[in-house]
Amino acid sequence: RLNLDNVERIEIVKGAASTLYGSSAIGGVINIITRESDDPWNLNLNSRFSEHNDQRYGGTAGFNAGKFNSLTNVQYNNVDTYAVDNPGDFSTVFGSRVWNFKERLIYRPLETLKLTGRAGYYFRERNKPGDTQDRYRGFSGGMKANYTFNIMSNLEVGYTFDQYDKSDYLPQDANDVRDYSNVQHSVHTFYNHTFVGKHILTVGGDYMRDYLMSYQFANNGSKHQYTVDGFAQFDWNPTKYFNVITGLRFDYYSDSDINHFSPKLGLMYKIGNCSLRGSYAGGFRAPTLKEMYMNFDMASIFMIYGNPDLKPETSHNFSLSAEYMKGRYNLTVTGFYNVVDNRITTAWSEALKGQVYTNISNIRISGAEANASVKYPCGLSARLSYAY
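Draft legend 1. Representation of the overall build of the chain. Per the secondary structure count, the chain includes two helices and 25 strands. Projected onto its principal axes, the C-alpha positions of the chain cover 70 × 60 × 45 Å. Counting all 388 residues of the chain, 35% fall into the buried class. Considering only contacts within the chain whose residues lie at least 6 apart along the sequence, 50% involve residues at least 24 apart. Counting every atom, the chain has about 22800 Å² of accessible surface; 57% of that belongs to carbon and sulfur. If the 39 positive side-chain charges of the chain are averaged to one point and the 38 negative ones to another, these points end up 8 Å apart.

Take a look at the structure:
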């Protein structure tokens, strides 16, 4: 459901980031940042054609007028069914058609207040043999308010809604039978305050209600839970050469009755053109409703069973790095060591004659990475990387 046509940039944050981002940020975060319309009016149209009648048509329209800023995106994709040139059980890729709409409207009634509203709709229909077609729908929306008290502090409050459905469409009687629906309502708040112009305190909290109805549950049943969290991070800069970041987050999951604290500590020291960094971060991932309650017949080959007694995954992430930067040259060397406990996966059960979600013992992952890059004023740049 992601549409890259209105994406300004993508940031990748490596390592456990559960302190700020919560459950599932156990190994890293991919942050997708959409663009705002800077011009009074702009229009971008695009299309793509390839084999198997693969077609894409889309466009983005935006305007920036006084206190209003809008960005509207529409995308259509279509591809035919085609055969794959290899023997095996899966030799056909089914065609599909996709519609994707997104709108974001920004209103600034005051210099200190920014209001953002967004909405989206996604529809996909997959062609497959037989009397039914697969349909997928997504509905999303949100409202956010950013208020700047002064140059030292600001507050953000927001609400988001997301619903993703799957259904079987019967063309002969125009009957659309929904057999999967995941609905999430989330409320969050976020506050920043800067002390003496250089020390930054960030505090916030979230509440989410998660509902899941699935054909993978017994009798197409449904489950729901709510989650609550609170977090704080302090960015301490005693000198321009030394920086310390500390953070702590608390998460609670109602259905599994799980609560967890995730800590973080990061240090940076600058010596001339060299920066030395060291960090520790705790990661955390709670079991999902699917992992706890799944009861699914896998094509009459075997069953997949959930486990309501799953423990949460946790991790301890240690990292050391050194960066040298001078002029147009940059060299970075990083080493890391991760310990993951109670990883959630599936394992075969002789008693049930099927796969069962379970926790497995510790996993240790270590590695090193080196990056060298150069960028010249003429626009030419080069990078050499090695990772182990």
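Draft legend 2. Here's a closer look at the nonpolar core. Met294, Phe296, Ile304, Leu310, Ile344 and Tyr357 together form the largest nonpolar core, which totals six residues. Look past the residues within four positions of Ile344 in its chain and what remains in contact with it is Arg285, Pro287, Glu291, Leu310, Lys311, Glu313, Tyr357, Thr358 and Asn359. Of all hydrophobic cores here, the second largest spans five residues; its members include Tyr180, Phe217, Leu289 and Met292.

Draft legend 3. Inspection of the pattern of salt bridges at higher detail. A full pass over the atoms with the stated rule returns 18 salt bridges. As a salt-bridge pair, Glu125 and Arg135 come within 2.6 Å of each other at their nearest N and O atoms. Of this pair, Glu125 sits in strand β9 (residues 113-126) while Arg135 sits in strand β10 (residues 133-150), and the two are ten residues apart along the sequence. Neither residue differs from the other here; Glu125 and Arg135 are each classed as buried. Linked through salt bridges whose partners overlap, the residues forming this network are Arg97, Glu125, Arg135, Arg137 and Asp176.

Draft legend 4. Representation of the sheet that holds strand β23 (residues 354-360) in the model. One open sheet accounts for four strands, arranged β18-β19-β23-β22; its pairing is mixed. Where the open sheet ends on each side, the last strands, each with one partner, are β18 (295-298) and β22 (343-349). Strand after strand, the sheet turns through a mean of 30° between neighbouring axes, direction not considered. Sheet topology places strand β19 (residues 302-305) next to β23; three bridges connect them, and they run parallel. Residue Tyr305 lies in a different strand from β23, and its bridge partner there is Val356.

Draft legend 5. Inspection of the packing of aromatic side chains at higher detail. By the definition in use, this model includes 22 aromatic pairs. Between Phe149 and Tyr191, the aromatic rings sit 6.4 Å apart at their centres with planes inclined by 70°, giving edge-to-face as the arrangement. Remark: Tyr191 occurs in strand β12 (residues 175-195) and Phe149 occurs in strand β10; sequence separation between them is 42 residues. The class of Phe149 is partly exposed, set by a relative accessible area of 45%. Relative accessible area serves as the criterion here: at 26%, Tyr191 is assigned to the partly exposed category. In textbook terms, an aromatic cluster arises when at least three aromatic residues are bridged by ring pairs, as seen for Tyr76, Trp99, Phe101, Tyr121 and Phe139. One residue, Arg135, lies across the ring of Tyr169, its end atom 3.7 Å from the ring centre. One Lys or Arg, Lys166, reaches over the ring of Tyr180 and ends 4.9 Å from the middle of that ring.

Draft legend 6. How the structure looks around the side chain of Asn100. Relative to the elements of secondary structure, Asn100 occurs in strand β8 (residues 96-110). A distance of 3.4 Å separates the side chain of Asn100 from the backbone oxygen of Arg1, its partner in a polar contact. For Asn100, the residues in contact, after removing those within four places along its chain, are Arg1, Asn3, Asn73, Val74, Gln75, Tyr121 and Tyr122.

Draft legend 7. Fine view of unusual backbone geometry. Of note, the phi angle at Val196 is positive, near 45°, even though the residue is not glycine. With respect to the helices and strands, the residue Val196 is situated in the loop between β12 and β13 (199-214). If you check the backbone angles, Asp257 has positive phi at about 55° while not being a glycine.

Draft legend 8. Broad picture of the pairing of strand β24 (residues 363-375). Of the pairings in the sheet, the one linking strand β21 (residues 329-341) to β24 comprises twelve bridges and is antiparallel in character. Note that in β24 the partner of Thr334 across the bridge is Glu369. The hairpin turn running from β24 into strand β25 (residues 381-387), its antiparallel successor, is five residues long, and Gly379 in that turn takes a positive phi close to 105°.

Draft legend 9. The side chain of Gln55, seen in detail. You can see Gln55 is positioned in strand β4 (residues 54-65). Here Tyr57 takes part through its side chain, which lies 2.5 Å from a polar atom of the side chain of Gln55. When near neighbours in sequence (up to four residues on either side) are disregarded, Gln55 contacts Arg48, Phe49, Tyr76, Asn77 and Asn78.

Draft legend 10. Summary view of the pairing of strand β3 (residues 41-50). Direction of pairing for β3 relative to β4: antiparallel, over a ladder of ten bridges. Bridged to Trp41 within β4 is Phe63. Adjacent in sequence and paired antiparallel, β3 and β4 are bridged by three residues, among which His52 carries a positive phi angle near 65°.

Draft legend 11. Quick look at a nonpolar patch on the surface. Taken together, the side chains of Leu2, Leu4, Ile10, Ile12, Ile30 and Ile32 present a nonpolar region at the surface, about 650 Å² in accessible area. Elements represented by at least two residues in the nonpolar patch include exactly β1 (7-14) and β2 (28-34). On the basis of relative accessible area, Leu4 is assigned to the exposed category, the value being 56%.

Here is what the cut-offs are and how they apply
- Residues numbered from 1 in each chain as written.
- Predicted model: local features only at pLDDT ≥ 70, side-chain atom pairs only at ≥ 80, totals over all residues.
- Heavy atoms only, no water.
- Helix = DSSP H or I, 4+ residues; strand = E, 2+ residues; numbered from the N terminus.
- Buried < 20%, exposed > 50% of the residue type's maximum accessible area, 1.4 Å probe, protein only.
- Contact = heavy atoms within 4.5 Å.
- Areas by Shrake-Rupley, 256 points an atom, 1.4 Å probe, with all protein chains shown as cover.
- Lys, Arg positive; Asp, Glu negative; His and termini not counted.
- Charge placed at Lys NZ, Arg CZ, Asp CG, Glu CD.
- Core = buried A, V, L, I, M, F, W, Y, C linked by side-chain atoms within 4.5 Å.
- Salt bridge = Lys/Arg side-chain N within 4 Å of Asp/Glu carboxyl O.
- Pairing = 2+ DSSP bridges.
- Axes fitted to C-alpha atoms, helices over the stretch in contact; angles between N-to-C directions.
- Phe/Tyr/Trp six-rings, centres within 6.5 Å; stacked < 30°, edge-to-face > 60°.
- Lys NZ or Arg CZ within 6 Å of the ring centre and 35° of its normal.
- Polar contact = N/O pair within 3.5 Å; in protein donor to acceptor, adjacent residues only side chain to side chain.
- Patch = residues over 30% accessible without salt bridge, like charges linked within 9 Å, V, L, I, M, F, W, Y side chains within 5 Å.

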